[in-house]
Amino acid sequence: MSHTEDEDDPFPVDDNLFTETFSLESVYTLMGEEVRIKQLFGADLGVAAPVWEAALHLCRYLEDQSVELRGKRLIELGAGTGVVGIVAARLGAEVTLTDLPLALPQLEANVSANKPSGGWPSLPPTVLPLSWGEDHMNFSSDWDLVLCADIIYLPETYPLLVETLAHLCGKGAPAYLSSKMRKEHGTAAFYEEYLPSRFNVELVYQDDKQNNNIYRASLRTNQ
């Protein structure tokens, strides 16, 4: 999800993460929907290129919990390939997919490739740039759901993400965050220290084998 080499940028490029550029298309069946997701691996896209396991865990959790998506206004942060939001849109949600600017062409391509044959049941997904802590005020606070999959990996961005989530959840939307719990990135600290500074945080799913947790966060009303 990173796109610049500026040392002051809180979203640095993962240098040489993928030294060659190549694409891979994968087919997933999630929540009863078959989606084709193109993943463009290259140094520019970095961590925005793959479909991460945390995204698949989040889709399965929403299905297992029978979370109603039809007609819901939903925003996804750090959408990457867009798999979570695209599935939600195919199920009738009004979806806004966000990420850093260089990730948007991949998002737009995957949205176009997954338009149902009969058209989107609600509105087509909207794809917009969003840099946490910078332009979040350009977005509404009136959502039904905020979704995040495997975006907790740069400690310097954690305060910016909390600020962004607090704005987006300002009118009561719950946020669901699915994360690989990486010790080297201090992922647990985000959920134990940063997020609880503004939110009530509940661990709702834990897969010890895959080292993946899902949390539900709601903005505290006294904030």
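Below is a summary of the structure that appears in this document. Numbering of residues starts from 1 in each chain and follows the order in which that chain's sequence is written. A pLDDT threshold of at least 70 governs which residues receive local features in this predicted model, and a stricter bar of 80 or more applies before side-chain atom pairs are shown or counted, although totals over entire chains, interfaces and linings include all residues. Values reported for side chains reflect all heavy atoms of the structure, with hydrogen atoms and water molecules removed beforehand.

1. Here we look at the overall build of the chain
Every helix listed is a DSSP run of H or I at least four residues long, and every strand listed is a run of E at least two residues long, numbered separately from the N terminus. Helix and strand counts for the chain come out as five helices and nine strands. A total of 223 residues make up the chain; the buried ones form 52% of that total. The contact criterion used throughout is that any non-hydrogen atoms of two residues lie within 4.5 Å. Taking the contacts inside the chain whose residues are at least 6 apart along the sequence as the reference set, 66% of them involve residues at least 24 apart. Here the chain has roughly 10,400 Å² of accessible surface; of this, 44% comes from carbon and sulfur atoms. Note on exposure labels: buried denotes an accessible area under 20% of the residue type's maximum, exposed denotes more than 50%, and partly exposed covers the range between, all computed with a 1.4 Å probe on protein chains only. The accessible surface values rely on the Shrake-Rupley method and a 1.4 Å probe; as for residues, cover is taken only from the protein chains in view.

2. Points about helix H3 (residues 104-113)
Buried residues of H3: Leu104, Gln106, Leu107, Asn110 and Val111, and no others. Relative to the axis of H3, the buried residues are bounded by an arc of 160° and lie together on one face. For H3, the exposed residues lying more than 90 degrees away from the buried face are Pro105, Ser112 and Ala113. What the arc describes is the spread of directions from the helix axis to the C-beta atoms.

3. Details of the nonpolar core
Counting 35 residues, the largest nonpolar core has Leu58, Leu69, Val83, Val84 and Leu97 as its most contacted members. Of all the elements in the fold, those that place two or more residues in this core are strand E1 (22-30), strand E2 (33-41), helix H1 (53-64), helix H2 (83-90), strand E4 (94-99), H3 and strand E6 (145-149). Not counting residues up to four positions away in its chain, the partners in contact with Val84 are Ala55, Leu58, Cys59, Glu76, Leu147 and Ala149. Within this scheme, the nonpolar core is defined by two criteria: the residues are buried Ala, Val, Leu, Ile, Met, Phe, Trp, Tyr or Cys, and they are joined through side-chain atoms within 4.5 Å. Grouped together as the second largest cluster of nonpolar side chains are 27 residues, Trp143, Ile151, Leu165 and Ala173 included.

4. Here's the deal with the packing of aromatic side chains
Note on aromatic contacts: the rings of Phe and Tyr and the six-membered ring of Trp form a pair at centre separations within 6.5 Å, being stacked when their planes are under 30 degrees apart, edge-to-face when over 60 apart, and tilted otherwise. Evaluation of the coordinates by the stated rule reveals six aromatic pairs. Pairing Tyr158 with Phe190 gives two aromatic rings, centres 5.3 Å apart and planes at 70°, and the pair type is edge-to-face. Taken together, the residues span a long stretch of sequence, with Tyr158 in helix H4 (residues 158-168) and Phe190 in helix H5 (residues 187-194) at a distance of 32 residues. The class of Phe190 is buried, set by a relative accessible area of 0%. When its relative accessible area of 1% is taken as the criterion, Tyr158 is described as buried. Taken together, the ring pairs connect Tyr158, Phe190, Tyr191, Tyr194 and Tyr215 into an aromatic cluster. Over the ring of Trp143 we find Arg73, and its NZ or CZ is 4.6 Å from the ring centre. Whether a charge sits over a ring comes down to the Lys NZ or Arg CZ being within 6 Å of the ring centre and within 35 degrees of the ring normal. Of note, Arg182 hangs over the ring of Trp52, and the distance from its end group to the ring centre comes to 5.6 Å.

5. Quick notes on the sheet that holds E4
Read from one edge of the open sheet, seven strands run E5-E4-E3-E6-E7-E9-E8, paired in mixed fashion. Edge positions in the open sheet fall to strand E5 (126-129) and strand E8 (199-207), since each of these has one partner strand only. Shown here is a sheet whose adjacent strand axes are inclined to one another by a mean of 20°, direction ignored. Strands qualify as paired when DSSP identifies two bridges or more between them. Bridging between strand E3 (residues 73-77) and E4 involves four bridges; their strand directions are parallel. Within the sheet, the bridge partner assigned to Ile75 lies in E4 and is Thr96. Fitted lines through C-alpha atoms serve as axes, helices being fitted only where they are in contact, and the angles separating the N-to-C directions of these axes extend from 0 to 180 degrees. This element, H1, spans E6, strand E7 (175-180), E8 and strand E9 (212-219) of the sheet and lies at about 135° to E7.

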